[in-house]
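Letter by letter, the chains look like this.
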Amino acid sequence: MASLSGENLYISYENISVINDIKISIPEGKITILIGSNGCGKSTLLKSLSRLIKPNKGQVCLDGNDINKLPSKGVAKKLGILPQGPQSPEGLTVGELCHYGRHPYKSFLSKQSNEDDEIVEWALQATSMLEFKDRPLEALSGGQRQRAWISMALTQGTEILLLDEPTTYLDLTYQIEVLDLLKELNEKFNRTIVIVLHDLNQAASYADNLISILNGKVYKQGNPEDVFTEKMISDVFGLNCCIISNPIDGRPMCIPIGKRKTV
Ligand SMILES: Nc1ncnc2c1ncn2[C@@H]1O[C@H](COP(=O)(O)OP(=O)(O)OP(=O)(O)O)[C@@H](O)[C@H]1O
Ligand SMILES: [Mg+2]
């Protein structure tokens with residue numbers, strides 16, 4: 001199985017520091033979920049873990065090697081990413097987008113194989129997108145488009161999958177479907193999955209490992225029972241809340257109080 005970690009990471013944009021000395025180790029074969037307020041550095045951290053951004057200082061290691069020194073195709077076979085708000089060229093169909101996910105497995109000028117077709121079909125079925133295979137992405141609703149991108153991430157068939165807010169634009173049923181699908185991939189195929197999520201209760205329910213980020217630093221990481229506390233939510237999100245036990249899975253669950261008075 002592929003291992004992923006970051007050591008002593010510092011990242012800044014135009015001299016504004018965004019990630020400050022993060023040490024992170026992604027447990028293999030588990031679901032890790034990153035939470036934190038808008039602008040705290042979650043996407044930046046995820047991009048650095050997938051080599052889309054090179055840290056100013058520190059190192060991201062994939063299987064013990066500096067990810068920025070590994071060949072691109074090798075990295076792409078082990079690690080797939082679905083960035084936040086991805087863009088596609090105009091006219092690209094859902095099926096074509098999914099075939100792009102197979103790119104690392106092809107040699108120069110090689111054609112689509114039957115295996116590629118089968119994987120694309122499976123990914124589209126898994127996300128209920130088969131009926132939209134020949135539709136251009138711009139002719140889809142926001143939620144359907146998001147599911148098309150998730151299909152593409154699945155066709156990459158990597159041991160590690162990083163997803164930045166994969167449930168944005170989805171209605172609640174599809175949010176849960178996507179999270180259930182990721183959990184199934186994790187349990188059945190032992191995939192290591194890292195997700196940025198804004199829904200805190202979904203994060204607490206689906207994470208094996210929960211990482212809360214505050215101002216470009218890890219505030220706390222570990223199992224949801226230890227990390228998901230009233231103090232963490234107050235410190236990280238500035239939100240007054242009450243934690244109860246989720247009646248479905250026994251995980252901690254947050255009831256926001258805000259400025260309301262408790263009865
Ligand atoms: N390309 C960029 N150039 C300059 N500043 C940037 C750039 N990308 C991000 N930032 C800034 O870096 C900080 C962290 O951004 P990042 O996208 O990592 O936050 P985030 O935690 O993913 O937020 P959100 O929950 O809103 O997606 C923000 O203050 C943002 O404005
Ligand atoms: Mg983000």
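If you look the protein chain up in an unreviewed UniProt entry, it shows as Putative siderophore transport system ATP-binding protein YusV from Clostridium saccharobutylicum. The UniProt entry for the protein chain carries the following comment under Subcellular location (unreviewed entry): "Cell membrane".

Participant: How should the overall build of the protein chain be read in this particular structure?
Facilitator: Broken down by element type, the protein chain carries nine helices and twelve strands. In terms of overall size, the protein chain behaves like a compact globule, its C-alpha atoms giving a radius of gyration of 19 Å where 263 residues would be expected to give roughly 18 Å. Its C-alpha atoms give the protein chain principal-axis dimensions of about 60 × 40 × 35 Å. Here the protein chain holds 263 residues, and the buried ones make up 47% of them. Of all intrachain contacts in the protein chain linking residues separated by at least 6 positions in sequence, the fraction that spans at least 24 positions is 63%. Looking at the protein chain as shown, the accessible area adds up to about 13200 Å², and 50% of this sits on carbon and sulfur atoms. The average position of the 28 basic charges and that of the 31 acidic charges among the side chains of the protein chain differ by 5 Å.

Participant: Looking at this structure, I do not really get the coordination of the magnesium ion (ligand 2). What am I missing?
Facilitator: Geometry reference: four tetrahedral donors at a metal, ideal angle 109.5 degrees. Six octahedral donors, ideal angles 90 or 180 degrees. For the magnesium ion (ligand 2), the full set of protein donor atoms is Ser43 (OG) and Gln84 (OE1), at a range of 2.0 to 2.2 Å. With a gap of 41 residues between them, Ser43 in helix H1 (residues 42–49) and Gln84 in the loop between strand E6 (79–82) and helix H3 (94–100) connect regions that are remote in the sequence. Residue classification places Ser43 among the buried residues on the basis of a relative accessible area of 19%.

Participant: I keep staring at the environment of Thr155 and nothing clicks. Help me out?
Facilitator: Examined against the element boundaries, Thr155 turns out to sit in helix H5 (residues 142–155). For Thr155, a relative accessible area of 0% translates into the label buried. A C-alpha to C-alpha distance of 9.7 Å links Thr155 and His103, two positions 52 residues apart in sequence. In contact with Thr155, other than residues within four places in its own chain, are Cys98, Gly101, Arg102, Ile119, Val120 and Ala123.

Participant: Honestly, the pairing of strand E10 (residues 217–222) in this entry has me stumped. Any pointers?
Facilitator: The pairing of strand E9 (residues 209–214) with E10 spans five bridges and is antiparallel. Note that in E10 the partner of Ile213 across the bridge is Val218. The turn joining E9 and E10, which pair antiparallel and follow one another in sequence, is formed by two residues; a positive phi near 45° is taken by Asn215.

Participant: Can you walk me through the sheet that holds strand E7 (residues 160–164) in this structure?
Facilitator: A sheet is described by the order of its strands in space; here six strands give the open sequence E6-E7-E8-E3-E9-E10, paired in mixed fashion. Where the open sheet ends on each side, the last strands, each with one partner, are E6 and E10. Taking each pair of neighbouring strands and ignoring which way they run, the sheet shows an average axis angle of 15°. Bridge count between E7 and strand E8 (residues 192–196): five bridges; the pairing is parallel. Note on E8: the bridge partner recorded for Leu163 is Ile195. The sheet strands contacting H5 are E6 and E7, and the helix crosses E6 at an angle near 175°.

Participant: Sorry if this is basic, but what is going on with the packing of helix H4 (residues 114–126) against H5 here?
Facilitator: A pair of packed helices is captured by two measures, namely the crossing angle of their axes and the spacing between those axes. Here H4 crosses H5 at 140°, and the two axes come no closer than 9 Å. Classed by the angle they form, the pair H4 and H5 counts as oblique. By crossing handedness, the relation of H4 to H5 is classed as right-handed. Contacts from Ile119, Val120, Trp122, Ala123, Leu124 and Ala126 in H4 reach Ser151, Leu154 and Thr155 in H5. Taken together, the residues of the contact of H4 with H5 sort by class into seven nonpolar, two polar and no charged.

Definitions and limits used
- Positions within a chain are numbered from 1, following the residues in the order the chain's sequence is written.
- The lettering of chains begins at A and the numbering of ligands begins at 1, in the order of writing.
- Local features in this predicted model are restricted to residues of pLDDT 70 or higher, and side-chain atom pairs are both shown and tallied only at a pLDDT of 80 or more, whereas totals for entire chains, interfaces and linings draw on every residue.
- Side-chain descriptors were evaluated using all non-hydrogen atoms of the structure, hydrogens and water having been removed beforehand.
- UniProt positions are given in the numbering used here, feature names are shortened, and annotations may be inferred rather than shown by experiment.
- Numbering of helices and strands runs from the N terminus; a helix is a DSSP stretch of H or I covering at least four residues, while a strand is a stretch of E covering at least two.
- Just to be clear, the radius of gyration here is over C-alpha atoms, and the globule rule we use is 2.2 Å times residues to the power 0.38.
- The classification of residues rests on relative accessible area computed with a 1.4 Å probe and restricted to protein chains. Under 20% of the type maximum is buried, over 50% is exposed, and intermediate values are partly exposed.
- In what follows, a contact means two residues having at least one pair of non-hydrogen atoms within 4.5 Å.
- Computed with a 1.4 Å probe, the accessible areas rest on the Shrake-Rupley method; for each residue, only the protein chains presented here act as cover.
- We score Asp and Glu as negative and Lys and Arg as positive, and we do not count His or the chain ends.
- Positions of charges follow a simple convention, taking NZ of Lys, CZ of Arg, CG of Asp or CD of Glu.
- Here a donor is an N, O or S atom found within 2.8 Å of the metal, or within 3.2 Å if the metal is Na, K or Ca; sites may look incomplete because water is not among the atoms.
- Pairing between strands is defined by DSSP: at least two bridges between the two strands are required.
- To obtain an axis, a line is fitted to C-alpha atoms, over the contacting stretch when the element is a helix, and the angle between two such axes runs from 0 to 180 degrees between their N-to-C directions.
- Should an angle fall under 35 degrees it is taken as roughly parallel, and over 145 as roughly antiparallel, whereas 65 to 115 is taken as roughly perpendicular and any remaining angle as oblique.
- What makes a crossing left-handed is the near helix being turned counterclockwise from the far one by less than a right angle; a clockwise turn instead makes it right-handed.
- As a working rule, the residues Ala, Val, Leu, Ile, Met, Phe, Trp, Tyr, Cys and Pro are called nonpolar, Asp, Glu, Lys and Arg charged, and the rest polar, with Gly in that last group.

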